[in-house]
Amino acid sequence: MTEKTNVIITASPHVRSPDSTTKIMWSVVISLLPVIASAIYFFGPSAILVIIASVAGCLITERMFGSNPGSVADGSAMITGLLLGLCLPPGFPLWMAFLGGVFGMGFGKLIYGGLGQNIFNPALVGRAFLQAAFPVAITTWPSGTPHWWNLQGDNFALPFMTPMPDTITAATPLGNLKFGDDPVATPVLDLLLGTINGSVGETSALLILVGGIYLAVRGHLNWHIPVSIFVTTFLVSGLFYVIGISQFSPWFMLFSGGLMLGAWYMATDMVTSPLSTKGCWLFGFGIGLLTVIIRIWGGLPEGVMYSILLMNALVPFINRITQPRLFGTSGNKKGAAK
Amino acid sequence: MRGLPSFKHGVHPPENKEITSGIPSKRFPFPKEVILPLSQHIGMPSKALVKPGDRVERGDVIAEAAGFISSTVHATAAGTVKSIELWPHPSGQMIPSIRIAVDPNSSQMRRNRIVPRWQDVKDEDLSKEIAKAGIVGLGGAAFPSHVKLCPPKDQPIELLIINGSECEPYLTSDHRVMLEQPEMVYEGIRIELKALGITRCVIGIENNKPDAIEVMRNAKPADLDATIQPLTVKYPQGAEKMLIKAIMGREVPSGALPSAIGAMVQNVATAANVAAVFQSGHPLIERIMTVSGRGIRKPGNWKIPFGTKLRDVIEHCGGLTDDVAEILFGGPMMGQAISDLDVPVLKGTGGILVLSKDECKRQDIMPCIRCGKCLEACPIFLNPQWMKELAKAERYEELVAEAHLNDCMLCGCCSFVCPSNIPLSQYFAMSKTQLKRLPKS
């Protein structure tokens, strides 16, 4: 045996679970692949173009302003880009999608100090920015073209030129039921499969469900949040439906709009969701409740984005009131989180 | 595994017990020199009774307890006292230690010692005999057993819990004790029960040791009120509070001792050594230790005399492999990394682990993504995510008063699960050390 051996001297524990933040992030990306594939199937090249534009906006911003040059590799900017792309209309001008990515990344995440520091989900910050800046473009849902390889709408519109010269638009299931001249609820089966009009990646509830369950089984996603959102949405909208206040059936509520994508992928963003299981139930309850309220009484057809952003703002408060009970005590009197 | 009692939260690291669990323990050859630090236990360092040049026989008292919470040290091999000097200790400090040059011609027989039959000793005097034999808790903390067996008068003990869970990965020394000396364990249980003045005991064994559960069941004396309770395999099942929760279904109040709810936990190896005291007058001078890990060529279970240098242990076990990365005393979750091959093995050393590079990969620390996995892992229900922020900001007073640092037992579950590899429990260990340095106000 050699006299001098190079050994590590560290404090315990000396072994680690194989999980890593980078692995979690990239497995989220992998779980979104079926959703992306279905988006291309339903909306043709437009879908992939919109996704690429928003991903490019996010990655470039992270690379330029991120805390270190390697931070792009952790996968979180990729997720933000994909999620933003997936919740935009397929005919969305690409320069706007790119700008949304830049804004979401820059003002939703990096300005707070990068990964782990942000309060709001960066993809939703990007989308909220686009909603405010381009209210017409973001609510323009092109009706299907005869050939799927045709572009949907005005992807290549130039910045600040008058957009949408000759697009034929059609309503989404939510918009149709709420604001349409002839409100008819889209069958739930269509909502599940995704053969409907809507944002790039929000149409097929079934595939989002598959991806979400895959992540939950692998322990990379806190299933308490989506379950809490779904239970709340279902029960609250069911109540309003039964007593005749709203025309949305609870099943329609669950599978329409951005609820699936939002509940599985955006609300569960670890950085912007509560720490404890109890907190996650509370968080999901708030999102479900706000979504139903905005959908029924709000000025917009969809309320998932604002519900999640509002509840993101409440996370520090939720963390404070849901401190775990210390072992060997009846409650946590002194505990308080920052 | 469902249905077996356990506690909430915790983690399940790879067990890696199969490396040594099937290898019977063998006597380790006597080294040329033994180093016996005066601090091998929690409490005041012992007071040396020998001086350089003295001849000592194996089992002779060489240092006595200095105060109640202290322990007696015995010569673990016959030979001549070389010196009493500062020597590297597993804790990383230099500690006054008695160096004994082992006599190669000695038979290493123990001096005959007359011991009373334990049945004839008064209940309250049993702990005195145990103190004389230098018995400390062999579960890892090395707390003097005679102190533990004298609980506060106003908190009577009702149930003795014997800890055979051995939840640390790799370690199999307690497993071997149960397989090889079940009757000694039971004898020790009888003595401990008599010392406590009670009759009932439960033996908790993790369910990954079905052979130990069977052997212990078969060896159980019919007249002893003992139950063998298989437990869910989960770390840290062997932590006192977790074991009590699993077996009694009750939580030890925060800041209190298990005696507050009438429980006492003793390790299986401690019980076996208590029995040895009265059977043969055998003081605590050696114990079964697991030598394991992928970094050592010949892993096994050995009955090693205390004071044997790490160097001698490694040499006898075939030496280190080329990809050795870390040497530990204890298990991988709470063990102590050793920097010096001259460090001796001590009473509290349950295992010597030599981890290879594959077993303890260095991983980059990423930013905290507030995933909450540490909260889901903490068996004490602390908030490691928040505690880490306080520790980083050196807000130690808040860390203790509001975040309950004192309840943290440094089990390492939070660090184990953290996907960003943030050294959480390491922060807490450092904070505890810093707090000790602060003047008491």
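Residues numbered from 1 in each chain as written. Chains lettered and ligands numbered in written order. Predicted model: local features only at pLDDT ≥ 70, side-chain atom pairs only at ≥ 80, totals over all residues. Heavy atoms only, no water.

A. Looking closely at the overall build of chain B. Helix and strand counts for chain B come out as 13 helices and 17 strands. Taking 22 Å as the expected radius of gyration for a compact globule of 441 residues, we find that chain B reaches 21 Å, a close match to that expectation. If one aligns the C-alpha atoms of chain B with their principal axes, the spans along those axes are about 60 × 50 × 50 Å. Sorting the 441 residues of chain B into buried and exposed places 61% on the buried side. Partitioning the contacts of chain B with sequence separation of at least 6, the portion at a separation of at least 24 is 72%. Accessible surface computed for chain B: about 17,400 Å², of which carbon and sulfur atoms make up 52%. Looking at chain B, you have 52 positive and 48 negative side-chain charges, and the mean spots of the two groups are 0 Å apart. (Helix = DSSP H or I, 4+ residues; strand = E, 2+ residues; numbered from the N terminus. Rg over C-alpha atoms; globule rule 2.2 N^0.38 Å. Buried < 20%, exposed > 50% of the residue type's maximum accessible area, 1.4 Å probe, protein only. Contact = heavy atoms within 4.5 Å. Areas by Shrake-Rupley, 256 points an atom, 1.4 Å probe, with all protein chains shown as cover. Lys, Arg positive; Asp, Glu negative; His and termini not counted. Charge placed at Lys NZ, Arg CZ, Asp CG, Glu CD.)

B. Structural detail: the side chain of A:Lys109. All names here are of chain A. On the secondary structure map, Lys 109 appears in the loop between helix H4 (94-108) and helix H5 (122-133). A residue is classified by how much of its surface remains accessible, and Lys 109, at 2% relative accessible area, is buried. Residues contacting Lys 109, with those up to four places away along its chain left out, are Glu 62, Ser 76, Ala 77, Gly 104, Gly 114, Leu 115, Asn 118 and Pro 122.

C. Just a nonpolar patch on the surface, in detail. Residues and elements named next belong to chain A. On the surface, a cluster of nonpolar side chains totalling about 620 Å² of accessible area is made up of Leu 239, Val 242, Ile 243, Ile 245, Ile 293 and Trp 297. At the level of elements, helix H9 (224-242) and helix H12 (277-297) are the ones that each hand at least two residues to the nonpolar patch. Mapped onto the elements of the fold, Ile 243 is located in the loop between H9 and helix H10 (250-255). (Patch = residues over 30% accessible without salt bridge, like charges linked within 9 Å, V, L, I, M, F, W, Y side chains within 5 Å. Salt bridge = Lys/Arg side-chain N within 4 Å of Asp/Glu carboxyl O.)

D. Geometry of the confidence of the model for chain B. When pLDDT is averaged across chain B, the result is 91; 99% of the residues are at 70 or more. Two numbers describe this predicted complex: its pTM, 0.89, and its ipTM, 0.84. (pLDDT = per-residue confidence, 0-100.)

E. The arrangement of the packing of aromatic side chains in detail. This model, assessed by the stated rule, comprises 11 aromatic pairs over all chains. Between A:Phe230 and A:Trp264 the ring centres are 6.0 Å apart and the planes differ by 55°, which places this aromatic pair in the tilted class. Of this pair, A:Phe230 sits in helix H9 while A:Trp264 sits in helix H11 (residues 259-266), and the two are 34 residues apart along the sequence. Per residue, the accessibility class of A:Phe230 equals that of A:Trp264, and both read buried. Taking 5.2 Å as the distance between ring centres and 80° as the angle between the ring planes, the aromatic pair formed by A:Phe240 and A:Trp297 counts as edge-to-face. Residue A:Phe240 is found in helix H9, and its partner A:Trp297 is found in helix H12; the two are separated by 57 residues along the sequence. Given a relative accessible area of 16%, A:Phe240 falls into the buried group. In this structure an aromatic cluster arises from ring pairing among A:Phe103, A:Phe107 and A:Phe129. Above the plane of the ring of B:Phe7 lies B:Lys234, whose end atom (NZ or CZ) is 4.6 Å from the centre. (Phe/Tyr/Trp six-rings, centres within 6.5 Å; stacked < 30°, edge-to-face > 60°. Lys NZ or Arg CZ within 6 Å of the ring centre and 35° of its normal.)

F. Structural view of unusual backbone geometry. At the junction of A:Ser12 and A:Pro13, the peptide bond is cis and its omega measures out at -5° in the coordinates. For A:Pro13, the position within the fold is in the segment before helix H1 (21-43). Between B:Tyr235 and B:Pro236 the backbone carries a cis peptide bond, its omega angle lying at -5°. On the secondary structure map, B:Pro236 appears in the loop between strand S11 (225-231) and helix H6 (240-248). Backbone geometry places B:His9, a non-glycine residue, at a positive phi of 65°. With respect to the secondary-structure elements, B:His9 resides in the segment before strand S1 (26-27).

G. View of the interface of chain B and chain A. Listed as interface residues are 62 residues of chain B and, on the opposing side, 47 residues of chain A. In total, about 4,600 Å² of surface goes out of reach between chain B and chain A, with carbon and sulfur atoms giving 58% of it. The tally of links between chain B and chain A comes to 1 salt bridge. A salt bridge links A:Arg325 to B:Glu251, with the shortest nitrogen-to-oxygen separation between them at 2.8 Å. Our count for the contact surface shared by chain B and chain A stands at 22 residue pairs in polar contact (both at pLDDT 80 or more). Breaking the side of chain B that touches chain A down by element, the ones donating at least two residues are H6, helix H8 (310-316), strand S15 (324-329), strand S16 (336-337), helix H9 (373-377), helix H10 (384-392), helix H12 (413-417) and helix H13 (424-437) of chain B. Among the elements that take part in the side of chain B that touches chain A, S15(B) stands out by supplying 5 residues, more than any other. In the side of chain B that touches chain A, the residues fall into 34 nonpolar, 16 polar and 12 charged. (Buried area = accessible area lost by both parts, 1.4 Å probe. Polar contact = N/O pair within 3.5 Å; in protein donor to acceptor, adjacent residues only side chain to side chain. Nonpolar A, V, L, I, M, F, W, Y, C, P; charged D, E, K, R; others polar.)

H. Focus on H12(A). With 21 residues, H12(A) extends 30 Å between its outermost C-alpha atoms, agreeing within 8% with the 30 Å of an ideal straight helix rising 1.5 Å per residue. All of the buried residues in H12(A) are A:Gly279, A:Cys280, A:Phe283, A:Gly284, A:Gly286, A:Ile287, A:Gly288, A:Thr291, A:Val292, A:Ile294, A:Arg295 and A:Ile296. (Expected span 1.5 Å × (residues − 1).)

I. A look at the nonpolar core. In this structure, A:Phe92, A:Leu261 and A:Tyr265 are the most contacted members of the largest nonpolar core, which totals 82 residues. Looking at which element gives the most residues to this core, the answer is H1(A), with 9 residues. Ignoring any residue separated from it by four or fewer positions in sequence, one finds A:Phe92 in contact with A:Val50, A:Ala97, A:Leu130, A:Ala137, A:Ile138 and A:Asn155. Of all hydrophobic cores here, the second largest spans 80 residues; its members include B:Ala63, B:Val81, B:Ala272 and B:Trp302. (Core = buried A, V, L, I, M, F, W, Y, C linked by side-chain atoms within 4.5 Å.)

J. Quick peek at the sheet that holds strand S3 (residues 47-48) of chain B. Residues and elements named next belong to chain B. On the basis of which strands lie adjacent, the open sheet formed by 3 strands has the order S3-S5-S6 and antiparallel pairing. Looking at which strands have only one partner, the edges of the open sheet turn out to be S3 and strand S6 (73-74). Bridge analysis of strand S5 (residues 61-64) against S6 gives 2 bridges, and the strand direction is antiparallel. Paired with Ala 63 across the strands is Val 73, a residue of S6. (Pairing = 2+ DSSP bridges.)

K. Structural view of empty space enclosed by the protein. Residue and element names in this part refer to chain A. Following the criterion strictly, the structure yields 5 cavities of 30 Å³ or more and no others. Of the volumes computed, that of the largest cavity is approximately 320 Å³. For the largest cavity, the lining is made up of 23 residues, of which Met 25, Ile 79, Tyr 265, Asp 269 and Met 270 are closest to its centre. Where the lining of the largest cavity is concerned, the elements lending two or more residues are H1, helix H3 (76-86), H5 and H11. With 4 residues, H3 is the single largest residue contributor to the lining of the largest cavity. Of the residues contributing to the lining of the largest cavity, the split by class is 14 nonpolar, 7 polar and 2 charged. (1 Å grid on protein atoms, 1.4 Å probe; cavity = no way out; pocket = protein on both sides within 12 Å on 5 of 7 lines; lining within 4 Å. Points joined across faces, edges and corners; volume = space filled by probe spheres on them.)

L. Representation of the pairing of strand S9 (residues 159-164) of chain B. All names here are of chain B. The buried fraction of S9 amounts to 6 of the 6 residues, a majority that puts the element mostly inside the structure. Neither face of S9 is left uncovered, since the one carrying Leu 159, Ile 161 and Asn 163 and the one carrying Leu 160, Ile 162 and Gly 164 both have all their residues buried. Relative to strand S12 (residues 263-267), S9 is paired through 5 bridges, and the arrangement is parallel. From the neighbouring strand, Asn 163 faces S12, where its bridge partner is Asn 267. Looking at chain direction, S9 and strand S10 (residues 200-206) are connected through 5 bridges and run parallel. Residue pairing across strands places Ile 162 opposite Ile 203, the latter belonging to S10.

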